[in-house]
Structure formats: C-alpha cells, structure tokens
Amino acid sequence: MTEKIYLVSLGCDKNLVDSEIMLGLLSKNGYEITDELYEADYAIVNSCCFIGDAKEESINTIIEIGELKKEGKLKGLIVTGCLAQRYQSLITEELPEADAVIGTTAYDNIVAAINEIKTKQKKDNKSLYIEELDRLAGGEEVRLVPAGEISSYIKIAEGCNKRCTYCIIPYIRGNFRSIPMETVIKEAESLAAQGTKELLLVAQETTLYGTDIYGKKALPDLVHELSKISEIEWIRLLYCYPEEITDEIIYAIKNEKKVCHYIDLPIQHSSDSILKRMARRTNQAELRERIAKLREEIPDITLRTTLITGFPGETEDDFKELYNFVDEMEFDRLGVFTYSAEEGTPAAEMENQIDEEVKIARRNEIMELQQEISAEKAESRIGKVYEVLVEGTVPSDSVNGEAFASIREVNEDGKKVYIGRTYMDAPDVDGQVFFESDYEIMSGELVEVEIIASDEYDLFGVLV
C-alpha cells in the first residue's frame, strides 16, 4: 500500500517553495501526499524561526504532531527548514518526537531521510542532514503545487549578504547566490503547465539577481524571458531593496506587459539614525528619490513596504519621523512588525532596548494611519474598471455586509459571488475584489470589473 505524507509549511513564501519541491520529490518517488494529518504515515514540519513568534509556532507544531507519533499514529516525523538549520542540536536533544532534522540547504534529501527512517533498527538514533550554508539545494525538480492554484511563488535566489543588524537570515540561509536563469525558466514552465497564471518572484533580495553569476543585475533579463511563457498572465516582483532598484528595473516593470505595476520595497524605517543602526544601506533622502522616480515613470504603480517599530534606540522623535514619512508617502500597501531581538544578531546586544508595550503601541499607531490611507485609496477606485484575476467563489454571507449591499442594489440575488485580485494586490497580504456573475467563470480567468464600493482594503464591483 502506498504510504502517505503530510507536510505543514510555516513561515515565508521562500519556505513554501522549498515545501513544494519536497512534495514533488516525494510524489516522484512513489509517496502519496495528503492534506489530512490523521491519514498520514509520515509528517514533515517545514519550520521557521525568523522572529520569536515564528519560532514558538514551529516548536508547538512539532510537539503537537509528535503526540500522534507517541500514540503510534505516525511512523515518523521530520523537521526541516530554518528552525532545523539553526537549532539542530536543540531539536535532536530536546525534541525526541523528531526522527530526522534537515537544514535549509539540504531539503532535497527528504526522500533519503524518510527511507532511512523506514529502515532504521535503532529508534533513538536521529537522521541529521545538514549541508554547507552556501550550497544551492535542489536543481530541476518538478514542484507539486496544490490543485487549482493559479498564483505561484518562484525563488530566484537564496541567502543574503546585507547583514542587517536585526536579521538572522544569513546565519540560516547563507550568502546571496542566484539560481541560474535556465533553472528558473524551466521551473516556471513547469508551474505554468500545472495551471499557474501569476508568478511571484521572491528571494531575500530579488533586485540583486544575477550579480554573482552574470556579473550584473539580471532581473530585467529574467522577467523578459519569463514573459515569453504564454500561459503566464502576470509577473509580480517582491522583496526589492530600494537602494538596489535601478532605472533598468524600473523600465522593465514599465515596459514588460506581463509585469504588474507593483513593487514590494521593504524600507524598515525612515529615520537616518535608525537606518544606520539597522545597517541598512540607504537613507531617507535616497528613499524619497527612488519612490519619486518609481511614481514618475509608472504613475499607476502600487508600492508596498514593511516597517519595524521599537528597534533598539528608537526615540520618540525617530518614531514621529517615521509616522510623518508614512503620512507623506501614502504607501498603497504597508505592514508593520514590532522589533524582535533574535539571539546571535548585533541588534539583540544593543543598548536601549524598547519595552514591548511601546513597540506595540507604535505599530498600532502607524497601522491606524495606514488604514485611513488605504481606505481613501480604495475609495478612489470607485467608478474605475480593473482587470481582475479570478481566484474562485465565496459564500455571499462571508462578504462585508454594507459594501456588499452596494452590489446587491445593482445585481439580482442568486448569482455566484466571485473573488479575485487586481494587479495592485499580491495574494495573502493585500486586498481582494468581490463581484457577482450569473455565468460560470473559471479560476485563472481575467475579467473586467467596475468598482462600485470599497472598504479599508477590499473592493466590490460588477462585471463589465
């Protein structure tokens, strides 16, 4: 009988890519993948430890699934990913539930790990798969994406050389190294064959793609080649460090028809003193220049960013400077994290650590401001027509009542409620568009929707 594998992927989208590669390898080697933990013979936890909350979630998940193993309901439990890389000794010593530990650059050993667990005689001897940090795991394996998935992340590089003082990524993912273009293209073609319509390009820093193997920033070349894949409708750029956004990258976004007029540029702060303490390689004047250039060249561009509040030494004046910067820049999309002191990072040893209550209060203050900005921007979309990538249907009673009532004034009851996204919205983190249709629309189709109502983040409309 075919043995079944259950995998839970925690943390970022880069981790999700690794998870889908592992599932592809397992499926290729005769294992069946299941979404039901209680049906599984083996379970995999692809862990995260980027910040404290993620670390806690990973450990709790391992313990919870480990209980099933103790009860004899699982034959084996494998821990992979960032927690496995950083705390391999702790896992082997303190988490007896785990049969195997696989680091971030060794996930392509997943089949070997499960086969080893199956043939082991000594039950208390864990399998440990840890490779050199600067190794590029994998190769040209076929990823296994969920059925019906129309948007897929594609990792174009691994690791980071920046060494921001708050970040542990270089310690668990290694130095920056690009994935060869031919490998990325082959993977994208495979994803397109499985139904992917939108490619989201990710790395710790996508803007540096190619510098290590081609001697130049080759992101414009890559998106040009990816645009040739006929089944792909949209290409979206994430994690573009502002100081590395060249005019060539801007022109690629502007001129390549399949590249969404959307860019994610994590700035983390706007106070020069905090940026310096973070070891960020930019300042506020440069941030202003890049943002102005992007908006000048691409007037309809959507800008997304992330911030950190409560970094060590952040004064009230630093925070006010950040608040005013957000108010002035009016980012289309914005997320805020409170600073998390991660052991082994320079920032964790800095003086003037900020109280947790202050971090949270500052985060909330900026998010309240951003909610107002987002609501105003969403309201400005009313009356306009946008191309929407359809993602499926939702129950009508799950949609915001007041805004949805605006649709019902135009449409008759009994129609299906569809959900989708415009080019302005990345999956999982941004807003959505709700609309009705009396005929069947397939996921992955592009349709035109006129916006007739909005709330803080979502849009509501009717088919044109």
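Residues numbered from 1 in each chain as written. Predicted model: local features only at pLDDT ≥ 70, side-chain atom pairs only at ≥ 80, totals over all residues. Heavy atoms only, no water.

Considering the state of the cysteines
Move 1: The tally for this structure, following the rule as stated, stands at zero disulfides.
Move 2: Free of any disulfide, Cys160 has its nearest cysteine sulfur in Cys164, 6.4 Å distant.
Move 3: The buried category is assigned to Cys160, whose relative accessible area is 6%.
Move 4: Cysteine Cys164 is unpaired, with the sulfur of Cys167 as its nearest cysteine sulfur at 6.3 Å. (Disulfide = S-S within 2.5 Å. Buried < 20%, exposed > 50% of the residue type's maximum accessible area, 1.4 Å probe, protein only.)

With respect to a negative patch on the surface
Move 1: On the surface, a cluster of negative charge is made up of Asp327, Glu330, Glu365, Glu368, Glu372, Glu376 and Glu379.
Move 2: When residues in the negative patch are grouped by element, the largest group, five residues, is from helix α13 (residues 356–379).
Move 3: As for its position among the elements, Glu365 is in helix α13. (Patch = residues over 30% accessible without salt bridge, like charges linked within 9 Å, V, L, I, M, F, W, Y side chains within 5 Å. Areas by Shrake-Rupley, 256 points an atom, 1.4 Å probe, with all protein chains shown as cover. Salt bridge = Lys/Arg side-chain N within 4 Å of Asp/Glu carboxyl O. Lys, Arg positive; Asp, Glu negative; His and termini not counted. Charge placed at Lys NZ, Arg CZ, Asp CG, Glu CD. Helix = DSSP H or I, 4+ residues; strand = E, 2+ residues; numbered from the N terminus.)

Considering the pairing of strand β18 (residues 446–454)
Move 1: Bridge count between strand β15 (residues 385–394) and β18: five bridges; the pairing is antiparallel. Paired with Val388 across the strands is Val447, a residue of β18.
Move 2: Counting the residues in the hairpin turn of β18 and strand β19 (residues 459–463) gives four residues. (Pairing = 2+ DSSP bridges.)

With respect to the packing of helix α11 (residues 284–297) against helix α12 (residues 316–329)
Move 1: The contact between α11 and α12 brings their axes to 13 Å, and the two run at 10°. One finds that α11 runs roughly parallel with respect to α12. Of α12, the residues touching α11 (which contributes Gln284, Leu287, Arg288, Ile291 and Arg295) are Glu321, Phe325, Glu328 and Met329.
Move 2: Its residues placed into classes, the contact of α11 with α12 shows four nonpolar, one polar and four charged. (Axes fitted to C-alpha atoms, helices over the stretch in contact; angles between N-to-C directions. Parallel < 35°, antiparallel > 145°, perpendicular 65-115°, else oblique. Contact = heavy atoms within 4.5 Å. Nonpolar A, V, L, I, M, F, W, Y, C, P; charged D, E, K, R; others polar.)

Notes on the packing of aromatic side chains
By convention here, two paired aromatic rings are described through the distance between centres and the angle between planes.
Move 1: Overall, the coordinates contain seven aromatic pairs when judged by the stated rule.
Move 2: Seen from their ring centres, Phe325 and Phe331 are 6.3 Å apart, and the 50° between their planes marks the pair as tilted.
Move 3: Given a relative accessible area of 1%, Phe325 falls into the buried group.
Move 4: By way of ring pairs, the aromatic residues Tyr166, Phe311 and Tyr339 are connected into one cluster.
Move 5: One Lys or Arg, Lys14, reaches over the ring of Tyr239 and ends 3.7 Å from the middle of that ring.
Move 6: Geometry around Tyr262 places Arg236 over its ring, the cationic atom sitting 4.5 Å from the centre. (Phe/Tyr/Trp six-rings, centres within 6.5 Å; stacked < 30°, edge-to-face > 60°. Lys NZ or Arg CZ within 6 Å of the ring centre and 35° of its normal.)

Describing the pattern of salt bridges
Move 1: Taken as a whole and judged by the stated rule, the model has 40 salt bridges.
Move 2: Between Asp108 and Arg135 there is a salt bridge; the shortest N-O distance is 3.0 Å. Placement of Asp108 in the loop between β5 (100–102) and α5 (110–119) and of Arg135 in the loop between β6 (127–129) and β7 (151–155) is noted, with a sequence separation of 27 residues between them.
Move 3: You can call Arg135 partly exposed: its relative accessible area is 27%.
Move 4: Through salt bridges with shared partners, one network takes in Lys162, Glu205, Lys217, Glu243 and Glu244.

Brief notes about the sheet that holds β18
Within a sheet, each strand pairs with its neighbour through backbone hydrogen bonds, oriented either parallel or antiparallel.
Move 1: Strand order around the closed barrel formed by five strands is β15-β16-β17-β19-β18, with mixed pairing between neighbours. Sheet twist, expressed as the mean angle between neighbouring strand axes with direction ignored, is 50°.
Move 2: As defined by bridge partners, strand β17 (residues 433–437) adjoins β19 across four bridges and the pair is classed as parallel. Residue pairing across strands places Phe435 opposite Gly461, the latter belonging to β19.

Let's talk about the packing of helix α9 (residues 247–255) against α11
Move 1: It is the contact of α9 with α11, at a shortest axis distance of 10 Å, that shows an interaxial angle of 30°. Viewed along their axes, α9 and α11 adopt a mutual orientation that is roughly parallel. Once α9 is placed against α11, the crossing between them reads as right-handed. Residues Asp247, Ile250, Tyr251 and Lys254 of α9 form the contact with α11, whose participating residues are Arg290, Lys293, Leu294 and Glu297.
Move 2: Its residues assigned to classes, the contact of α9 with α11 comprises three nonpolar, no polar and five charged. (Left-handed = near helix turned anticlockwise from the far one by under 90°.)

Let's talk about the side chain of Gln268
Move 1: Looking at where Gln268 falls in the secondary structure, it is placed in the loop between β12 (259–264) and α10 (272–277).
Move 2: Those residues in contact with Gln268 that sit more than four places away from it in its chain are Tyr166, Met278, Arg280, Thr306, Leu307 and Ile308.

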